Amino acid sequence: MAKLTILHFPDPRLRTRARPVLAMSAEVQRLAADMLETMYSAPGIGLAATQVGVDQRLIVVDVSEKGNEPRVFINPEILARAGTETMQEGCLSVPGVFEEVERAASVRVRALDGNGQTLEFDADGLLAVCIQHEIDHLNGKLFVDYLSELKRRRIRKKLEKEQHAARSASRPAAPAI
Amino acid sequence: MSRHSPRALAARVLAAVWQGARLDEALSKSASGNFPLRDAALVRELCYGTLRFQPRLEYWLTGLLARPLDAREAELHALLLLGLYQLSEMRVAPHAAIGETVEACRHLSKPWAVQLANAVLRRFQREQARLMTELPQHEDAYYAHPRWLLERIRADWPDRWREILEAGNQRPPLTLRVNRLRRTRAALLEELAAAGIAVQPCEFSADGVVALEPFDVRTQPGFAAGHFSVQDEAAQLAAELLEPRAGMRVLDACAAPGGKTCHLLECCPQAQVLALDNDAERVRKIHQNLQRLGLSAEVRVADATHPDTWGGGRSFERILLDAPCSATGVIRRHPDIKARRRSAAVSASVAVQARMLTALWPLLASGGKLLYVTCSLLVEENAAQVDKFLAAHADARALPIAAHWGVALPPGRQILAGESRMDGFYYACLHKA
């Protein structure tokens, strides 16, 4: 297993619309395992392949209390939505930003699990929010897209500044005289 | 998606309470219901605990801050207080309490406060031993009650004020009332015990069952089936004191959410009960409770102080007046009272209570009984209020309450919060000549 690098907003690769997984393979399973490891160490409760620069429709999720119920969803689709719910969200690709987003309160989901078996289930609460958030990633969409233009621009500026600062800090320091 | 922050959410709920919201409503409106159960429980614990000890936490925070926080920073203020609550009262590892609380600054979109929160909480941790030792020298911080309330309770109960205030900082038990029309208490005790819930019969209420550990009543099928309700033992004493009989006309003047209404119908289903409340939203709860328990009563949205608008010339053999009050007897159950109630509100309730007594008395039939109830510990709302009423009404007489609970007063009987695990209640039985 290996920890992957998470792309940060406004990286253009986060805007990719990911392609479906065509065949279950050892490679796909390794990707899912690496993504889970990356998600747990972030720490996060969901991660989409797009966020680690992989152009595949695959998400991993764990909303359990103890972080011991990993789930892998391949080619996930939302079949139906019901109700609305507003929850504060944060994203591993938009670190340090937490904003309220309105989404469907419950969703019916179809996907393949990590073994390629078809799943169809209803989700609500945090799981419903998380699945919608991650499927958005597969479509090149981020939670900041739900915010006002002004707010999004402010977040982009802030993150660009932080990324710039981080790059400068990692350069070797000039030798002391 | 990154991990959510129970601490940030709790800080938002607390800020809403300071804006005047009720804690239970602010909590149910928050998104905590979407969290995994353990996190939702943490949000609840942080909110209840921080409000319970707020006067103490404020005292510490003032000393730890180099200069006061901007008054607009209510969420940050709340976050710092709940950080101190975790360090002083909860069994959370200090590094986790500090780390997660500091991290919650980002969830509140206040990354600039990270350093401040870190400094305040670490300084508390370093100085905790000294701060704890010095605490008894600062009365309102030590007893964790607002100064005005501490003074009033000390004046009203000069020999018992310390134990009253200490009881106000305890966690209340979860007490249930069996619906005697559907289950015996023995059967309910057995069913709950079989479900792994430790329960005991109550001491004074024949229908009461106290749970030794809180549990979510909705997980027990008997709740939806109307076998039992949630109600403190002190509140369960009302039905027995009122003594409703079959066919009697009974008025419950401030009935919402209907706990006492339902209990007196469970004791006497043939009583003709009219239940009023002036809050339409809460009247809905009366209907829900009646339905769940399989009972029926006439329910109206009406103001008890204006019988001309709803009385229609009716008279009643029994009147239950569970009057609006300072709720100082249930502070352990609703610690937001400490933050929301001001001393001026007590004078306002005293005036309303007097108006209600005066307005309802003419509706009581000769030979009838009015039971005056508050969940207050303050003499002005209780014995002094009833005394004033008796002096102005020659046809009214206070019946002594023969009971093993509470303190006998002239007139009425007072349960102090914490006595036999009960809430603080006042009862007076008034008989009409």
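Thresholds, definitions, all that
Residues numbered from 1 in each chain as written. Chains lettered and ligands numbered in written order. Predicted model: local features only at pLDDT ≥ 70, side-chain atom pairs only at ≥ 80, totals over all residues. Heavy atoms only, no water. Pairing = 2+ DSSP bridges. Helix = DSSP H or I, 4+ residues; strand = E, 2+ residues; numbered from the N terminus. Axes fitted to C-alpha atoms, helices over the stretch in contact; angles between N-to-C directions. Expected span 1.5 Å × (residues − 1). Buried < 20%, exposed > 50% of the residue type's maximum accessible area, 1.4 Å probe, protein only. Contact = heavy atoms within 4.5 Å.

Looking at the sheet that holds strand E1 (residues 174-178) of chain B
Residues and elements named next belong to chain B. Pairing in this open sheet of 4 strands is antiparallel, and the strands run E2-E3-E1-E4 from one edge to the other. Each end of this open sheet is capped by a strand with a single partner; those strands are strand E2 (199-201) and strand E4 (228-230). Adjacent strand axes in the sheet meet at a mean angle of 30 degrees, parallel and antiparallel pairs treated alike. Where E1 lies against E4, 3 bridges are found, and the strand directions are antiparallel. The residue bridging Val-178 from the neighbouring strand is Phe-228, located in E4.

Concerning helix H1 (residues 6-18) of chain B
Residues and elements named next belong to chain B. Across its 13 residues, H1 extends 19 Å between first and last C-alpha, which sits within 8% of the 18 Å expected from 1.5 Å per residue. Among the residues making up H1, those that are buried are Pro-6, Arg-7, Ala-8, Leu-9, Ala-10, Ala-11, Val-13, Leu-14, Ala-15 and Val-17. Buried residues along H1 sit in contact with helix H2 (23-29), helix H3 (37-52), helix H5 (74-89), helix H6 (94-107) and helix H16 (336-340).

A short note on the sheet that holds strand E5 (residues 118-124) of chain A
All names here are of chain A. Read across the sheet, 5 strands follow the order E1-E2-E3-E4-E5 without closing on themselves; strand pairing throughout is antiparallel. Strand pairing shows two members of the sheet lacking a second neighbour, strand E1 (46-48) and E5, which therefore form its edges. Taken pair by pair, the neighbouring strands of this sheet meet at an average axis angle of 40 degrees, ignoring direction. The pairing of strand E2 (residues 58-61) with strand E3 (residues 71-91) spans 4 bridges and is classified as antiparallel. Counted as the bridge partner of Val-61 is Arg-71 from E3. Contacts between helix H2 (residues 125-138) and the sheet are confined to E1, E2, E3, strand E4 (94-112) and E5, with E3 contributing the most and set at about 115 degrees to the helix.

Without other data, these values stay purely geometric and don't point to any function.
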